[in-house]
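Residue-level listing of the chains:
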Amino acid sequence: MNDSRDDTRTNEETPLFSPQVKRFLERVPTPLAVYQKVGNGFRAHIVSEGMSAIYEMPREELLGVLNSDNPMRHVIEEDLEPLWQAIRDFSRKDIPLNIAYHIRTERSRSLIMVHGTGDHAFTEDGRRYSIVRYERVSDNAMSVLVADERKEHQTKEKNLNDISSFLAEEYMGVYLVDADTKTVIPYRESDKSFSLATTGMTTFDRFQDYCFDYRIMPDDAVQMRKEHTFESILSTLQSGRTMTTVFRNKKGKYRRVRFVKVSENDGRISRFAFSIMDIDESMRSAREKQRELEAARDAAEAANRAKSLFLFNMSHDIRTPMNAIVGFADLAAIRKDSEGKLDEYLHNIRVSGEHLMGLLNDVLEMARIENNKVTIQLALTDGRKFLDDLSLLARETLGSKKLHLEFASDVTHRWFYLDPVHITEVVINLVSNAVKYTPEGGSIRIFTKELAGGGPDECIIEASVEDTGIGMSADFLKHAFDAFSRERSSTVSRAAGTGLGLAIVKHLVDQMGGSISIESTEGKGTKVTTRIRHRIGAAPDAAKAPSDAHAVRFEGRRILLAEDRDLNADLAIELLSHEGIQVDRANDGDVCVSMISQAPAGTWDAVLIDIQMPKMDGYEASRAIRALNDPAKSGIPILAMTANAFKEDVDRALAAGMNGHVAKPIRLKNLLKALTAVLQ
C-alpha cells in the first residue's frame, strides 16, 4: 500500500498486536490485510490466508510484494493511477477506501477484478492502522454486488465484529461513547468493578463519577477529576492525540485507561472509545526494576565516593613511606661517613619500603579478588606447626610496637586439608588491623578453636582476633567489609592502610566457604571471628617424608642473569657477589638462550631470568632452553626472578619449565633460599 512516489518505507516495524492476535488474523479465511500508518502511506503488516488465495501466492511472499518497491506489480497498468489516488485519499484525507481494480494472479496469470473496502482504526496505545477487506468479483458482477450490498455489509460487519472481539480479549473493558448524547456502550467488560451492568450508569459523566467515588483510590480520583472532564477529553482527541492515565483501584491494583478517537462528523468528534487494561503485574515489575536500578546507581555512586576517598587517603599513605625512603637516602648520601647514622638510615629505608609494599600488595590483592583470580588450593597440613608459624608471624607483625600478644588454641586434631597461604593471609590481615588500631600498652588475643563439623571427617576451625583498640562506631560497622572503606584517615588515626584489609579477608573467607562476623565498641576494641570448614586428614607416612636439605655453599658458584633493566641487574649482581657468587648478565631472553647454547655445558650452575623483556620474555626463553638438544644444557636449573608475583604467575613459570620463582622486590634471604632448593 506504499506509493513509491512518497517516502513511506521503513526498515523497522513496531508490532501492532500481540503474537496470538497476529496469528489469528493471518489464518482467517476472509480476504483482508492490516496496514500500519507510515509517513504519507501505509505498510502492510498482516495479510490473511483468504487474501493469499485471491492472489494465488503464499501469504509471506505476498506480504513481501506489498512492502516492496513495486507493490502494485499484479495490477494492470490502466488501473494503477485510480488505485494510487484512492490510496492517497485514504491516507491523507481520511476518506474510506472503496475501489475496484484488475490484477493478474501469480500462478495462473488470470485477469480478475478485486474490490477493496477499508477504514481506519487505532490500537489501544493510539497507533493508527487500517483494515482493508477484499473480494474477488467478475467483470459483469458489479450489479450483483450492488444488489446484494446490504447482505454483504452484514457479513463484513460480522467478520469485523469477530476480529474486534478477539482484539478486545486483551482488555478488561472496552467502551464506545457517543459524543452527542454522552451515551456509553459497553463492548467488553470482564472487570465487574467497572461494569455498566454493575453500576447501572449509561452516561459518560455518571459512569465516571461512580468510578471516582467508589472504584478508584481517592488520591488518584482527585487528580483524574481535574484532568478527565468530558471537554478536556474531546479537546485532546480533537488535536489528534490520545489520552492515557494510570490509576489504582480501591484494592491498590494498577489499571490504565486510554481514550482514542473513533469517528468525526463535519470536523467534530462524533464518537470516541476508551479501554481499561490490567497493568498491575507489569507496573509492579517495572517499579521493582526501577528500585533495583536506583539501588545499583546508589551503590555505584557510593563505590565511586569510597574509591575517591581511598585514592585521596592512599596519596597520603604512599607519600609518607616514599618521603622516608627518599629523605633517608639523601641523608645517607650526605652522611655516608657516619657509620652509626648510616645503619639507622638504611634501617628506616627498609622499614618504609616494606610498609609501602604492604600497601601495594593490598591494592593488587583486591584487584585479583574482584577479577576472580583467587584460586583456593587445599593441601594436607600439620595444624600444630601451622599454628606455631602463625604465632611467629603474628609476633613479627607487632614490630617494635609495645603490645601484649596472647596466642591460644583449643584444636583437637593435628592434620587438616586447608589452604595455608590464604588462611595465613586472613589471620595476618586481621592481626595487622589490630596492631594498627590498638594504642601501645594494649593487648591482642588470637584464639583458635575446633568445633564439630558435618560428619566424622569434617570439623570447623573458629579463629578470632580480639584487640583493645579504638574500636568502630555503630554506623561504620555496617560498612566494615566494604572495599576502600576506612572510618578515619591515617592522619586522624595515626594508622596507615588502604581500607582493604577487612574486604580482602571477607572475600577470602567467602571463597573458602566460611563465615565471618565482627563485634566492636568504639573506644573499647574489636573482635573479628572466622569459621571455616576443613576436612580432617591423617599423618603422612614418615618413610616418604623428604629429608632435611643439605647446606649449599655459594662460594665459587656461577650464575647467568637475564635482566633487561640495568638498575635491577646491578642490584642482583651486588647481592649475589656478596655471597661469593659470580654473575654473568644477558640483557634479553634471546641473548640468554644464545649464551647457553654456545657455551660449554656446565658453564653456569643456574639461570635467573626476568619475565618481561623486550625481545624474548622469560617464559619463551625458558621453553627455548628446555628444547636444546644437549641434556646437560637443557636441564640447567632456572628460577624466575620477576615482579609477576601472584600464584598464577608462579604456576605459569613452572609450566614454562622453570624450577622456581622469586618475587621482586628481591630479598636476599628469599633469593638464597630459592637457589638452595635448586642447587642442593
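Treat the numbers as computed from the prediction; the structure is a model and nothing was measured.

Undergrad: An account of the overall build of the protein chain is needed here, citing residue identities and associated values.
TA: Secondary structure assignment for the protein chain yields 23 helices and 22 strands. Looking at the protein chain as a whole, 44% of its 680 residues qualify as buried. Residue pairs at least 24 apart in sequence account for 60% of intrachain contacts in the protein chain once pairs closer than 6 positions are excluded. Element-wise, carbon and sulfur atoms account for 50% of the exposed surface of the protein chain, whose accessible area totals about 36,600 Å².

Undergrad: Please provide a residue-by-residue account of the pattern of salt bridges, values included.
TA: Applying the stated criterion to the full structure yields 26 salt bridges. The salt bridge partner of Lys 182 is Asp 205, with a shortest N-O separation of 2.9 Å. With Lys 182 in the loop between β6 (173–178) and β7 (184–189) and Asp 205 in helix α8 (residues 204–215), this residue pair connects regions lying 23 residues apart in the sequence. For Asp 205, a relative accessible area of 30% gives the class partly exposed. Linked by salt bridges that have partners in common, Lys 22, Glu 26, Glu 49, Arg 59 and Glu 60 make up one network.

Undergrad: Please give an account of empty space enclosed by the protein that cites residues and values.
TA: Per the stated rule, a full pass over the model turns up five cavities of 30 Å³ or more. Elements supplying a minimum of two residues to the lining of the largest cavity: α13 (383–398), β13 (415–418), α14 (420–436), β14 (443–452), β15 (458–467) and β17 (525–536). Across the lining of the largest cavity, the residue classes tally to 14 nonpolar, five polar and no charged. Along the wall of the second largest cavity there are 14 residues; nearest its centre are Phe 207, Gln 208, Cys 211, Val 257 and Phe 274. For the lining of the second largest cavity, the secondary-structure elements that each account for two or more residues are α8, β9 (254–265) and β10 (268–278). The element best represented in the lining of the second largest cavity is α8, accounting for five residues. Each residue belonging to the lining of the second largest cavity can be placed in one class, and the counts come to twelve nonpolar, two polar and no charged.

Undergrad: Explain the nonpolar core residue by residue, including any values.
TA: Membership of the largest hydrophobic core comes to 37 residues, with the highest contact counts inside it found for Leu 390, Val 426, Leu 430, Val 431, Ile 444, Ile 446 and Val 465. Considering each element in turn, this core owes the most residues, eight residues, to α14. Setting aside residues no more than four positions away along its own chain, Val 431 makes contact with Ala 394, Thr 397, Ile 446 and Val 465.

Undergrad: I'd like a rundown of helix α3 (residues 59–66), residues and numbers included.
TA: Burial in α3 covers these residues: Arg 59, Leu 62, Leu 63, Val 65 and Leu 66. Looking down the long axis of α3, one finds its buried residues gathered within 160° of arc, a one-sided arrangement.

Undergrad: Pulling in residues and values, what's your account of the packing of aromatic side chains?
TA: Enumeration over the complete set of coordinates arrives at eleven aromatic pairs. Measuring from ring centre to ring centre gives 6.1 Å for Phe 207 and Phe 274, while their planes differ by 35°; the resulting arrangement is tilted. In this pair, Phe 207 is assigned in helix α8 and Phe 274 in strand β10, connecting sequence segments 67 residues apart. Ring pairs connect the aromatic residues Tyr 175, Phe 204, Phe 207, Phe 230, Phe 259, Phe 272 and Phe 274, which therefore count as one cluster. For Arg 535, the ring lying beneath its charged end belongs to Tyr 417, and the centroid distance is 4.0 Å.

Undergrad: Provide a residue-level description of the packing of α8 against helix α9 (residues 218–227), including the pertinent values.
TA: Between α8 and α9, whose axes approach to 9 Å, the crossing angle comes to 160°. Considering their axes alone, α8 and α9 lie roughly antiparallel with respect to each other. When you trace α8 past α9, the crossing you get is left-handed. Between α8, through Asp 209, Phe 212 and Asp 213, and α9, the contact on the second element is made entirely by Ala 221, Met 224 and Arg 225.

Undergrad: Break down the sheet that holds strand β19 (residues 582–586) for me, with residues and values.
TA: Reading across from one edge, β19-β18-β20-β21-β22 is the order of the five strands in this open sheet, with parallel pairing throughout. Every interior strand has two partners, whereas the edge strands, β19 and β22 (660–663), have only one. The sheet shows a mean angle of 25° between the axes of neighbouring strands, taken without regard to direction. Note that strand β18 (residues 558–562) and β19 share five bridges and pair parallel.

Undergrad: Which residues make up unusual backbone geometry, and what values go with them?
TA: Negative phi is the rule for most residues except glycine; trans is the rule for most peptide bonds. Even without being glycine, Glu 56 reaches a positive phi, approximately 60°. Positionally, Glu 56 belongs in the loop between α2 (49–55) and α3. Unusually for a residue other than glycine, Asp 266 sits at a positive phi of about 55°.

Cut-off values and rules
- Residues numbered from 1 in each chain as written.
- Predicted model: local features only at pLDDT ≥ 70, side-chain atom pairs only at ≥ 80, totals over all residues.
- Heavy atoms only, no water.
- Helix = DSSP H or I, 4+ residues; strand = E, 2+ residues; numbered from the N terminus.
- Buried < 20%, exposed > 50% of the residue type's maximum accessible area, 1.4 Å probe, protein only.
- Contact = heavy atoms within 4.5 Å.
- Areas by Shrake-Rupley, 256 points an atom, 1.4 Å probe, with all protein chains shown as cover.
- Salt bridge = Lys/Arg side-chain N within 4 Å of Asp/Glu carboxyl O.
- 1 Å grid on protein atoms, 1.4 Å probe; cavity = no way out; pocket = protein on both sides within 12 Å on 5 of 7 lines; lining within 4 Å.
- Points joined across faces, edges and corners; volume = space filled by probe spheres on them.
- Nonpolar A, V, L, I, M, F, W, Y, C, P; charged D, E, K, R; others polar.
- Core = buried A, V, L, I, M, F, W, Y, C linked by side-chain atoms within 4.5 Å.
- Arc of directions from axis to C-beta.
- Phe/Tyr/Trp six-rings, centres within 6.5 Å; stacked < 30°, edge-to-face > 60°.
- Lys NZ or Arg CZ within 6 Å of the ring centre and 35° of its normal.
- Axes fitted to C-alpha atoms, helices over the stretch in contact; angles between N-to-C directions.
- Parallel < 35°, antiparallel > 145°, perpendicular 65-115°, else oblique.
- Left-handed = near helix turned anticlockwise from the far one by under 90°.
- Pairing = 2+ DSSP bridges.

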